[in-house]
Amino acid sequence: MTSTQAEIDRSQLGTLSVLAWIGDPEDGHDIPYLLAYSLGDAPQGREAGEAAARGLLEEIGLPIGDVVLDGTRSPHNFPVKVLVNDDLVTLTLPGLNATCTAPPEWVSAAADSEQVYFLFATRAWPEAVPGQPVTAEVLRAFAGDEQVLTSSAHCVLQVQRLQK
């Protein structure tokens, strides 16, 4: 018996946002992180949006949980890409893209390491509205939450840059 899964209706994700941050370099923690999340404003409600996020990750082959995929080994074939142009970060997934502005220390760390640690949260984060500042405490509460981490996809991505 064979079954096929219908393509995920990406409109059910709601608003997809991206946030770039870096740990404290003084603590020896200068990894550039990139987090994709929904605001939870999906047309059919927050639960439908979270189900759509899980379905999207399954569709593109990103496992949810504690597995960290290495997208730097074959970046041209990996389904997630990150492009950095000055301080503008563009995240591209099949059928989706989102952009954010990164702080200078993030851009510098991403340029130095040529990679970023990417998380795609299936849990919605309506408090992190684009254009509004997110405090370190609010970020830590969400991105450090055990349930958020275990219900997210994790991978390391190669930084791509525009040719100048």
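Let me begin by describing the structure that accompanies this report. (Residues numbered from 1 in each chain as written. Predicted model: local features only at pLDDT ≥ 70, side-chain atom pairs only at ≥ 80, totals over all residues. Heavy atoms only, no water.)

Along the backbone of the protein chain there are four helices and eight strands. When the helices and strands of the protein chain are read in sequence order from the N terminus, they spell out β-β-α-β-β-β-β-α-β-α-α-β. Against the compact-globule benchmark of 15 Å for 164 residues, the protein chain has a radius of gyration of 16 Å, which places it among compact chains. Projected onto its principal axes, the C-alpha positions of the protein chain cover 50 × 35 × 30 Å. Counting the 164 residues in the protein chain, one finds 43% classified as buried. The contacts of the protein chain with a sequence gap of at least 6 include a subset with a gap of at least 24, amounting to 69%. Accessible surface for the protein chain amounts to roughly 9,100 Å². Of this, 50% is attributable to carbon and sulfur atoms. Charged side chains of the protein chain number 9 positive and 22 negative; the gap between the two group centres comes to 5 Å. (Helix = DSSP H or I, 4+ residues; strand = E, 2+ residues; numbered from the N terminus. Rg over C-alpha atoms; globule rule 2.2 N^0.38 Å. Buried < 20%, exposed > 50% of the residue type's maximum accessible area, 1.4 Å probe, protein only. Contact = heavy atoms within 4.5 Å. Areas by Shrake-Rupley, 256 points an atom, 1.4 Å probe, with all protein chains shown as cover. Lys, Arg positive; Asp, Glu negative; His and termini not counted. Charge placed at Lys NZ, Arg CZ, Asp CG, Glu CD.)

Another aspect to go through is the environment of Phe 78. Secondary-structure assignment places Phe 78 in the loop between β3 (68-70) and β4 (81-85). On the basis of relative accessibility, which here comes to 13%, the residue Phe 78 falls in the buried class. Separated by 80 residues in sequence, Phe 78 and Gln 158 have C-alpha atoms that sit 9.8 Å apart. In this view, Phe 78 contacts Leu 62, Leu 69, Asp 70, Gly 71, Cys 155 and Leu 157; residues no more than four positions away in its chain are not counted.

Before going further, it helps to examine unusual backbone geometry. A positive phi angle is found at Asp 86, which is not glycine, with a value near 60 degrees. Along the chain, Asp 86 turns up in the loop between β4 and β5 (88-93). A positive phi is found at Glu 114, a non-glycine position, where the angle reads about 60 degrees. Judged by relative accessible area, which is 55%, Glu 114 ranks as exposed.

Functional significance is not addressed by these values, which are geometric in nature.
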